[in-house]
Amino acid sequence: MKKRFYITTPIYYPSAKPHLGNAYCTVLCDIFARYKRLRGFDCFFLTGTDEHGMKIEKNAKAVGKDPQTFVDEIVSIFKKLWELLEISNDDYIRTTEKRHTDVVQKVFSKLLEKGDIYLGEYEGWYCKECEAFWTETQVGKEHLCPDCHRPVETAKEEAYFYKASKHVDEILKLYNDNPKFLTPESRKNEMINTFIKPGLGDLCVSRTSFSWGVPVRERAGHVVYVWLDALTNYISALGYGSDNDSLFKKYWEDEECEIIHVLGADITRFHAIYWPMFLKSLNLRMPDREFVHGLLMMKDEKMSKSKGNIINPFPLVERYGVDSIRYYLAREINFGSDGSFTPQQFVERINADLVNSYGNLLNRTLGMINKYFDGVVPLYQSDATPFDKPLEDFALSTIKMYESLFDDLKITDALACVNELVNRGNKYIDETMPWVLAKDESKKDQLASVMNHLVNVIYIASMLYKPVLTHASDEAFNQLNVSEDLRTYNKIYEFGCVGGQKINKGQPLFPRLDAEEEIKQIQIMMSENH
Ligand code: ME8
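These notes cover the structure that comes with them. (Residues numbered from 1 in each chain as written. Predicted model: local features only at pLDDT ≥ 70, side-chain atom pairs only at ≥ 80, totals over all residues. Heavy atoms only, no water.)

1. So, the sheet that holds strand E2 (residues 42-49)
Ordered by their spatial adjacency, six strands build an open sheet running E3-E2-E1-E11-E12-E7, and the pairing between neighbours is parallel. Each edge of the open sheet carries a strand with a single partner, namely strand E3 (91-94) and strand E7 (182-183). Of the strand pairs in this sheet, strand E11 (residues 257-264) and strand E12 (residues 289-293) are connected by five bridges, and their pairing is parallel. From the neighbouring strand, Ile-260 faces E12, where its bridge partner is Arg-289. (Pairing = 2+ DSSP bridges. Helix = DSSP H or I, 4+ residues; strand = E, 2+ residues; numbered from the N terminus.)

Now the structure itself:
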C-alpha cells in the first residue's frame, strides 16, 4: 500500500450552475479522501473548474457579460455548493488563474519543441456543443455527434496537432501492464474498440475560431484547445513547472503517492488516451488509477446542463441535510455504474438505512441503557451470551471487508457492508431479547454484555460511516459519549473498547421522512428547474 494519495475530480465547466451530477463525482471523491485521512494517510484532494472554450464564450455573450465575469459568478456558486456539501478539497484550481495558464503555455512549448505537436490544417466533422472533432466513422451516415447526438458540421481551420498516432502502442502497453489503470474493465475495451482500433487520428490542440482560451505564444491568433488546457490542471495545481513545485514533487513525482483520477464516462477517452500521451511526451509519470464512475440519469437521459434536465442540489441539501444527500449518492448509485435519481428511491433509501436501521439501532440501544443501567454503558465481557462471539467476529470481518473494498474504490459496496453490520446489530437484539433478560436478575450479566456489544457495534459502524456522514457519526459518538481517545480509527479493531461511560441520549439521528409528502416536495424541486 502506498503511503500518500492524490485524488482529483474532473474540472467542471462553469457554463451553467452545478447540478446533482457534478455534485455526485465531487462527493464520492470527498468520501474517498476522508476515508484515507481517517485511516491516517496523507491525501491531497483537488477539484476545480474548466473555464475556457467556445461554449463559455457563447454563454457569456448570450447574457451580455464578458467571459471572466460570467465564470467568476458561476464559480462562486460551485464553491458555495462544495461548502454546503462539506467537501474537504485541499485546493481549487481555475483554468483562468495565472498559475495554470503559465503551465499550459510551457507544456505547449515543450510538446512543440519535442516535435510532438505540428502545425497543420484541420478539416473534419465538428460538434459545436461538445467542442470536439470527430472522424467519419464516428459520426456515421447520419452525421451525428457520438456523444450528444446533435448534428455535426464540417469545419476547417489552421490548427496545431498532437501526434497521437505515434503513441498508441504505449497506451496499449500501459493498459496491459497495469490492469487497474482504467476501471471498470469495460471502459478499457471501449477505449480499444471504439477509439484505438478504428485508427486514432492526431488530436487538434489549438483553435483560431474563438479567443477565450490560453494564447499559444508561438503563433498569434491561436488559443490552446480546451482539452490540453483542461487536463493540465492535474499538474498545474501542484506547481509543476513553477518555482514552487514542492507539492508536485510530493504528490506526483514521488512513487509513494498513488494518483487517482475520478471521472465521468463521457470524458474517458481524453483521460485514458490523450492524458497519458501528454504525460509521456513530458516525461512524467502516469497516474495509477483512472476510475470511471457512471452517470446520474433522469428518465434514462443523462442529467446535463445542456439538456436542462437537472436537479438543483441546493434545495435538496437544505431540506434533507448534507448527510442524507452524501449518503444517498454514495449508497444508492453503484460507483462505476449509471444510476437514476428518483424521489421515491431517495426517500426509501434514507428511511430504510439511516432512519430504520442505523438511527433506530442507536435510539433503541440508548433507551435500553437508560432503562436498565441508569444510562451507564456496561463494561465489555466475553461470551456472556452465545450470540456475542459471532457478533464480534462479524464486526471485525466487516472492518476488513470495508477496507479492502474502499481501497479499491468500491465505495458503494463498502457502505453496504456497514449497513449489514447495523442490520446484524438489530438482529442481535431480536436474538438476545434484552426485555426478557431484564426480567430475570440472574441474567443481569448477560443483559450488560448485550448492551456493551450493541454500543460497540454502533461505535464501529459510526466510525466506518464517518467519511460519508460528516454529522451523524459524530452525533452518535456524542450520544454514546465516546471519549476523545477512542475517536480514532485504529481503536475500532479492539472490540469492546467502549464502555463504562454515561450516555447522553439525544434526538434521533435522522427524522423519518413521510414518503408521500417528501416525494411531492422533491417533485416540486425538480419541476422548478425546467
Ligand atoms: O466534461 N451524472 O466538464 P463537465 C454524473 N470540463 N456525473 C456527471 C453528470 C451526470 N449526469 N454530469 C456531469 C467536462 N457529471 C470537462 C472536464 S477534466 C480535465 C475536464 C460529472 O462540467 C462527471 O464526473 O461537463 C463528468 O465527467 C464531469 O461532471 C464533467 O462535467
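2. Side note on the environment of Met-525
With respect to the secondary-structure elements, Met-525 resides in helix H20 (residues 515-527). Sequence separation of Met-525 and Gly-124 is 401 residues, and the distance between their C-alpha atoms is 42 Å. Apart from the residues lying within four places of it in its own chain, the contact partners of Met-525 are Pro-315, Leu-316, Arg-319 and Tyr-320. (Contact = heavy atoms within 4.5 Å.)

3. Concerning the nonpolar core
Residues Leu-85, Leu-329, Phe-341 and Tyr-358 are the most contacted members of the largest nonpolar core, which totals 115 residues. In terms of residues, this core owes the most to one element, helix H18 (residues 444-465), which gives 14 residues. For Leu-85, the contacting residues outside a window of four places in its chain are Ala-23, Val-27, Val-317, Val-322, Ile-325 and Arg-326. (Core = buried A, V, L, I, M, F, W, Y, C linked by side-chain atoms within 4.5 Å. Buried < 20%, exposed > 50% of the residue type's maximum accessible area, 1.4 Å probe, protein only.)

4. Focus on the environment of Ser-397
With respect to the helices, strands and loops of the structure, Ser-397 is situated in helix H15 (residues 388-407). Residues Ser-397 and Tyr-493, 96 residues apart in the sequence, show an inter-C-alpha distance of 9.9 Å.

5. Thoughts on the pattern of salt bridges
All chains considered together, the criterion is met by 40 salt bridges. Two residues, Asp-254 and Arg-4, come together in a salt bridge whose shortest N-O distance is 2.8 Å. On the criterion of sequence distance, the pair formed by Asp-254 in the loop between helix H10 (246-253) and E11 and Arg-4 in strand E1 (residues 4-12) is long-range, its members being 250 residues apart. Take Asp-254: its relative accessible area is 26%, and that puts it in the partly exposed class. (Salt bridge = Lys/Arg side-chain N within 4 Å of Asp/Glu carboxyl O.)

6. Re the pairing of E12
A large share of E12 lies buried, amounting to five of its five residues. Side chains Arg-289, Phe-291 and His-293 of E12 all project onto a buried face; the interleaved residues Glu-290 and Val-292 project onto the opposite face, where all are buried too. Note: E7 against E12, two bridges, orientation parallel. From the neighbouring strand, Thr-183 faces E12, where its bridge partner is Phe-291.

7. Describing the side chain of Asn-426
Of note, Asn-426 is situated in helix H16 (residues 411-432). Of the residues examined, Asn-426 reaches a relative accessible area of 12% and is grouped as buried. Sequence-distant contacts of Asn-426, defined by excluding residues within four places in its chain, comprise Asn-356, Ser-357, Leu-361 and Arg-364.

8. Quick notes on the pairing of strand E6 (residues 153-162)
Judged from the ten bridges that link them, strand E4 (residues 117-127) and E6 form a sheet pairing that is antiparallel. The partner of Tyr-118 across the bridge, within E6, is Phe-161. Two strands pair when backbone bridges link them, and E6 and strand E8 (residues 203-204) are joined in this way by two bridges, in the antiparallel orientation. Bridge pairing in E8 links Phe-161 to Cys-204.

9. With respect to the packing of aromatic side chains
In the structure shown here, the tally under the stated rule is 34 aromatic pairs. Ring centres of Tyr-12 and Trp-82 lie 6.0 Å apart, and the angle between their planes is 50 degrees; this geometry places the pair in the tilted category. Residue Tyr-12 is located in strand E1, and its partner Trp-82 is located in helix H3 (residues 67-84); the two are separated by 70 residues in the primary sequence. In terms of burial, Tyr-12 and Trp-82 fall into one category: buried. An angle of 70 degrees between the planes, with centres 4.9 Å apart, marks the rings of Tyr-358 and Tyr-465 as edge-to-face. Highlighted residues: Tyr-358 in helix H14 (residues 343-373) and Tyr-465 in helix H18, separated in sequence by 107 residues. Judged by its relative accessible area of 1%, Tyr-358 is buried. Its relative accessible area of 0% is what places Tyr-465 among the buried residues. Here the aromatic residues Tyr-6, Phe-44, Tyr-234, Tyr-240, Phe-248, Tyr-251, Trp-252 and Trp-275 are joined through ring pairs into a cluster of three or more. (Phe/Tyr/Trp six-rings, centres within 6.5 Å; stacked < 30°, edge-to-face > 60°.)

10. Remarks on the side chain of Thr-26
Turning to its location among the elements, Thr-26 is positioned in helix H1 (residues 20-38). At 3.2 Å, the side chain of Thr-26 and the backbone oxygen of Asn-22 are in polar contact. The residues touching Thr-26, leaving out its near neighbours within four places in the chain, are Thr-9, Tyr-12, Phe-45, Thr-47, Trp-82 and Ile-87. (Polar contact = N/O pair within 3.5 Å; in protein donor to acceptor, adjacent residues only side chain to side chain.)

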